[in-house]
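# Analysis of the macromolecular model
What follows is the residue order along each chain.
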Amino acid sequence: MEESQKRTRSRSSVELRNFSMTIDSVPVLRDVNLFLEAGQLTVIYGPRGAGKSVLLRSFSGLNREIYENVSWSGELLINEKPVQVYDKKLLRQMVSYVEPSFVEAMDELTFADFIKITLSESSVSLDDFASELDRLGILKFLRRELKTPVRQFYTMEKIMLLLFAAIVKKSMIVVLDCILDHLDDDTLVPVLKELLNIKQDRIVVLSTRQKLRFLPIADQFVMMKSGTIEYRGPAREFVLER
């Protein structure tokens, strides 16, 4: 029996088996094999163009909304089921994918707009979310309550707001795609603390172009280059091997 079949499947999981992808006939991922499970924080490191974003967008089918000619081979399984069997709306609820442009786009929204868009709620009440917003340190910034412009938030608070949406949606997979690379160390602390908290019952994936910065919190470290995985395993072993 293969190793992947021997694993306990009681937790949420994502598995890629010999997963390859081409965009406009150009190979961007090559024979990727990777296993992620709830309770685990995975850091994916690689330079620009390594394939990190293409890989992570595959979890929610976003590549085909960005590029016209996308084809792939191999398997991408979420909870042991092929990703293509999931309804698009359900998949976007299961997977919360966040990248830097999302933070910029938030500046056009009020808090009420943000809730309506991210949670698909036509009518909202601040009381429904007050305790979670307070725990995440967001409530104190809602000086105009639902009418508060999100542009008044600092970058860290916007990221916490995106994590809030993932928590409320009960997303089983939370992906932060190079969104933390530009935060300073002090600002980063509460975000990392929350990621360590939510990973207890979720899959958390963080991609970065900074090799060493997130090693201390990584349960699994993955290094990518030119669409392939050059290392995957414990962060400690990665450090020792180098």
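Everything below is about the structure shown above.
Computed from a predicted model, the values in this text were never measured in an experiment.

If you tally the helices and strands in the protein chain, you get 10 helices and 10 strands. By the compact-globule yardstick of 18 Å for 242 residues, the protein chain fits well, its C-alpha radius of gyration being 18 Å. If one aligns the C-alpha atoms of the protein chain with their principal axes, the spans along those axes are about 55 × 40 × 35 Å. Each of the 242 residues in the protein chain was classed as buried or not, and the buried ones make up 50%. A sequence separation of at least 24 residues applies to 69% of the contacts in the protein chain between residues at least 6 apart. Element-wise, carbon and sulfur atoms account for 47% of the exposed surface of the protein chain, whose accessible area totals about 12500 Å². Across the protein chain, 34 positive and 34 negative side-chain charges occur, with their mean positions spaced 1 Å apart.

What the 6 strands build is an open sheet, ordered β6-β7-β8-β3-β9-β10; its pairing is mixed. Every interior strand has two partners, whereas the edge strands, β6 (95–98) and β10 (228–233), have only one. Ignoring which end each strand starts from, the neighbouring axes of this sheet average 15° apart. As judged from the 4 bridges shared by strand β3 (residues 40–45) and strand β9 (residues 220–225), these two strands associate in the parallel manner. Within the sheet, the bridge partner assigned to I44 lies in β9 and is V222.

We now examine the pairing of β10. Looking at chain direction, β9 and β10 are connected through 5 bridges and run antiparallel. Bridge assignment links K225 to a residue of β10, and that residue is T228. Hairpin geometry of β9 and β10 is characterised by an intervening segment of 2 residues between the two adjacent antiparallel strands and by a positive phi of about 55° at S226.

This part is about the sheet that holds strand β2 (residues 26–37). Pairing is antiparallel across the open sheet formed by 4 strands, whose spatial order is β2-β1-β4-β5. Every interior strand has two partners, whereas the edge strands, β2 and β5 (81–82), have only one. Note: strand β1 (residues 13–23) against β2, 8 bridges, orientation antiparallel. By the bridge assignment for β2, L16 is matched with L34.

Within the element layout of this structure, T42 appears in strand β3. Other than its neighbours up to four places away in sequence, T42 contacts L36, V204, V205, L206, Q220 and V222.

Where helix α8 (residues 155–168) contacts helix α9 (residues 185–198), the axes come no closer than 10 Å and their chain directions differ by 10°. The orientation of α8 with respect to α9, classified from their angle, is roughly parallel. Between α8, through M156, I159, M160, L163 and I167, and α9, the contact on the second element is made entirely by T187, P190, V191, E194, L195 and I198. For the contact of α8 with α9, the residue count by class is 9 nonpolar, 1 polar and 1 charged.

Below, the discussion takes up the environment of L126. Tracing the backbone through its elements, the reader meets L126 in the loop between α6 (111–119) and α7 (130–135). Residues L126 and F35, spaced 91 residues apart in sequence, show a C-alpha to C-alpha distance of 38 Å. In this view, L126 contacts F111, L133, L139, L142, E145 and L146; residues no more than four positions away in its chain are not counted.

Here we come to the nonpolar core. L133, L161, L180, V191, L195 and F221 are the most contacted members of the largest nonpolar core, which totals 52 residues. Residue assignment for this core shows that the elements contributing at least two residues are β3, α6, α8, β7 (173–177), α9, β8 (203–208), β9 and α10 (235–241). Of all the elements, α8 adds the most residues to this core, at 10 residues. With sequence-adjacent residues up to four places away left out, L195 is seen in contact with L41, L163, L176, L180 and V204.

Residues other than glycine seldom take positive phi values, yet D31 does so here, at roughly 50°. Mapping D31 onto the fold places it in strand β2. Despite not being glycine, E80 has its phi angle at roughly 70°, a positive value. Within the fold, E80 resides in the loop between β4 (70–78) and β5.

Inspection of every chain in the model, using the stated rule, returns 10 salt bridges. Measuring nitrogen to oxygen at the nearest pair gives 2.7 Å for the salt bridge that ties K199 to D219. Remark: D219 occurs in the loop between β8 and β9 and K199 occurs in the loop between α9 and β8; sequence separation between them is 20 residues. The exposure class assigned to D219 is partly exposed, which follows from its relative accessible area of 35%. As a salt-bridge pair, R202 and D201 come within 3.0 Å of each other at their nearest N and O atoms. Residue class for R202 comes out buried when judged on its relative accessible area of 11%. Judged by relative accessible area, D201 falls into the exposed class, the value being 52%. Residues participating in the shared-partner salt-bridge network are E15, R17 and E75.

The rules behind each value
- Residues numbered from 1 in each chain as written.
- Predicted model: local features only at pLDDT ≥ 70, side-chain atom pairs only at ≥ 80, totals over all residues.
- Heavy atoms only, no water.
- Helix = DSSP H or I, 4+ residues; strand = E, 2+ residues; numbered from the N terminus.
- Rg over C-alpha atoms; globule rule 2.2 N^0.38 Å.
- Buried < 20%, exposed > 50% of the residue type's maximum accessible area, 1.4 Å probe, protein only.
- Contact = heavy atoms within 4.5 Å.
- Areas by Shrake-Rupley, 256 points an atom, 1.4 Å probe, with all protein chains shown as cover.
- Lys, Arg positive; Asp, Glu negative; His and termini not counted.
- Charge placed at Lys NZ, Arg CZ, Asp CG, Glu CD.
- Pairing = 2+ DSSP bridges.
- Axes fitted to C-alpha atoms, helices over the stretch in contact; angles between N-to-C directions.
- Parallel < 35°, antiparallel > 145°, perpendicular 65-115°, else oblique.
- Nonpolar A, V, L, I, M, F, W, Y, C, P; charged D, E, K, R; others polar.
- Core = buried A, V, L, I, M, F, W, Y, C linked by side-chain atoms within 4.5 Å.
- Salt bridge = Lys/Arg side-chain N within 4 Å of Asp/Glu carboxyl O.

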